[in-house]
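Report on the structure
Listed below are the residues making up each chain.
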Amino acid sequence: MLSSEIKYAVNELSLGHVVGMPTETVYGLAARIDCASGIEAIFKIKERPFFDPLIVHISDFNQLGEVVKTIPEIAKILANTFWPGPLTLVLPRSQKLNSLITSGLDTVGVRMPSHPVALDLIMAAGVPLAAPSANKFGKTSPTTAAHVRNEFKRENIFVLDGGESQVGIESTVLLVRPKAEICELSILRKGHILKSDIENALKSQPFKYEFIEVADKNQAPGHMKHHYMPSVPLVLCIGARRPSEELREVMQKRLTELPDKIEEVAIVKPAAGIHRIAELVLDEDPVLAARKFYSQLRELAETKPDCILLYRLPSQYTERWESLFDRILKAASLVIP
Ligand code: TXA
Ligand code: MG
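Residues numbered from 1 in each chain as written. Chains lettered and ligands numbered in written order. Predicted model: local features only at pLDDT ≥ 70, side-chain atom pairs only at ≥ 80, totals over all residues. Heavy atoms only, no water.

**Examining the site of ligand 1**
- What surrounds ligand 1 is a group of 27 residues, the closest being Thr-25, Asp-52, His-57, Ser-171 and Arg-189.
- One of the side-chain nitrogen or oxygen atoms of Thr-25 is found 2.6 Å away from an oxygen atom of ligand 1.
- The separation between an oxygen atom of ligand 1 and a polar side-chain atom of Arg-189 is 2.8 Å.
- Protein coverage of the free-state accessible area of ligand 1, which is 680 Å², stands at 98%.
- Going through the elements one at a time, β3 (55–57), β5 (107–111) and β9 (183–189) are the ones with two or more residues in the shell around ligand 1.
- For the shell around ligand 1, a count of residues per class yields 12 nonpolar, 10 polar and 5 charged. (Near = heavy atom within 4 Å. Polar contact = N/O pair within 3.5 Å; in protein donor to acceptor, adjacent residues only side chain to side chain. Areas by Shrake-Rupley, 256 points an atom, 1.4 Å probe, with all protein chains shown as cover. Helix = DSSP H or I, 4+ residues; strand = E, 2+ residues; numbered from the N terminus. Nonpolar A, V, L, I, M, F, W, Y, C, P; charged D, E, K, R; others polar.)

Given below as C-alpha cells:
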C-alpha cells in the first residue's frame, strides 16, 4: 500500500471522517475510538441502530489494555493463538471508552486483524479503530473496495483498496466471562475460527472453561433473525435439486406471503412474480465457498433476477460449513425444507 494513501486515510480519520478499511474477513467502516464525531458518523452512514455495538480493531497487544478493564488468562491464550486473525473477543470494557462504541454494554468486542493494510492504518493512526462491516445496516457485507464504494456512493467516503478479503465472512465473536471457578465462553457469531479450534488452543492449559449458550439478548445484541440480505430475494432450498416448475410455484406463493419486516429488518420480496431464477452455486471447498459467497450474491443480484436460489447439500453439514450457512440462513428471505 502506498504510504501516501495511508497518510490520506489517517488525515480523514483525524477530521472525524470514516474510512473504508480492508480486513481479512470483510471490509470495515473505520473511525478513531477517541473521535466522537467519527463514531457517530459510522452509525449515521451505515443507518445502524445505536443498540448494536462496534468492534474495536487494534494493531498491537499493548492497545488491548487501553480498551478493556481486565484481560482474563483464557483471553490471553486465545489472543496469542489467533491474533492477528478473525477472532473477536468480547471482554469487560474500560470505562474510558466512548459508550457509543459499546452501545452502553459493560463489555467491548476487540480484535487484531491480520490484513497488512488494516494493521498499517491502525499503526499510522496511532489509536485503535472502531469498525463495523462496511455495508448499510442489514445488507450484504463487502469483500472488495468496489463493494464499499458502491454501497456508499452518495456518502463519497475514502476507501483503501486491499484486494479481495480472503476469509470472506465476518470474524468469530466470542464472549469471555470469567467467573470465580470457571470461565464461561459463548460463541455469539460463528466464523472462520471454529469452536474446535478454540478447544484445541485451550487443550493443554490449566484453566477451566465451559461453553454456554447466551440466553440474554442484551449480551448478544445485533443478532437479528435477518441480516446480509441482497437486493433480490434469496431462497435456500434444503436437499437435492427439485423439478424447477414445482419449485417455482412454491417460491412464488411463499415469497408473496412474507411479512414486510421481521425485527425491524425489511424482508426482500420479488418485485413481481417469479419468472427468472438465478442459481448460486457454492464452491465445493467450504473455505473458498465462504471467501466468494458475498461477491457471488452481489454479482447475481446485479443481474436482477426475480430471485436467487441456493441449495444446501447433504455434504454441507460439517463444522466448517456452519458459519457460512449461518450467513445464508439470515440472508435468505425464504427457506424451503
Ligand atoms: O470480521 C469482522 O468482525 C468485521 C471486520 C470489519 O472486522 N466487523 C464486523 O462488524 O463484522 P459488525 O459491526 O458488522 O459486527 C459486529 C458484531 C455485531 O453482531 C455486534 O452485535 C457484535 O459483533 N458485538 C460487538 N461488540 C459486542 C459486545 N460488546 N457484546 C456483544 N456483541 C458485540
Ligand atoms: Mg455487519
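**Concerning the pattern of salt bridges**
- A complete count under the given rule lists 17 salt bridges for this structure.
- One salt bridge in this structure joins Glu-24 and Arg-111, with 2.7 Å as the shortest N-O distance. Of this pair, Glu-24 sits in the loop between β1 (19–21) and β2 (28–32) while Arg-111 sits in strand β5, and the two are 87 residues apart along the sequence. Neither Glu-24 nor Arg-111 differs from the other in exposure class; each is buried.
- Between Arg-298 and Glu-151 there is a salt bridge whose closest N-O contact spans 3.5 Å. Note that Arg-298 is positioned in helix α9 (residues 286–302) and Glu-151 in helix α6 (residues 145–151), a separation of 147 residues in sequence.
- Accessibility expressed as a relative area gives 13% for Arg-298, which makes it buried.
- Under the relative-accessibility criterion, Glu-151 is labelled buried at 19%.
- Beyond isolated ion pairs, a larger network of salt bridges with shared partners links Glu-47, Lys-136 and Glu-155. (Salt bridge = Lys/Arg side-chain N within 4 Å of Asp/Glu carboxyl O. Buried < 20%, exposed > 50% of the residue type's maximum accessible area, 1.4 Å probe, protein only.)

**A word on unusual backbone geometry**
- Residues Trp-83 and Pro-84 are joined by a peptide bond in cis, for which omega reads -10 degrees.
- With respect to the element layout, Pro-84 can be found in the loop between α4 (73–82) and β4 (87–92).
- Phi at Asn-156 takes a positive value of approximately 50 degrees, unusual for a residue other than glycine.
- Structurally, the position occupied by Asn-156 is in the loop between α6 and β7 (158–159).

Such coordinate-based values are descriptive only and should not be taken to indicate function.
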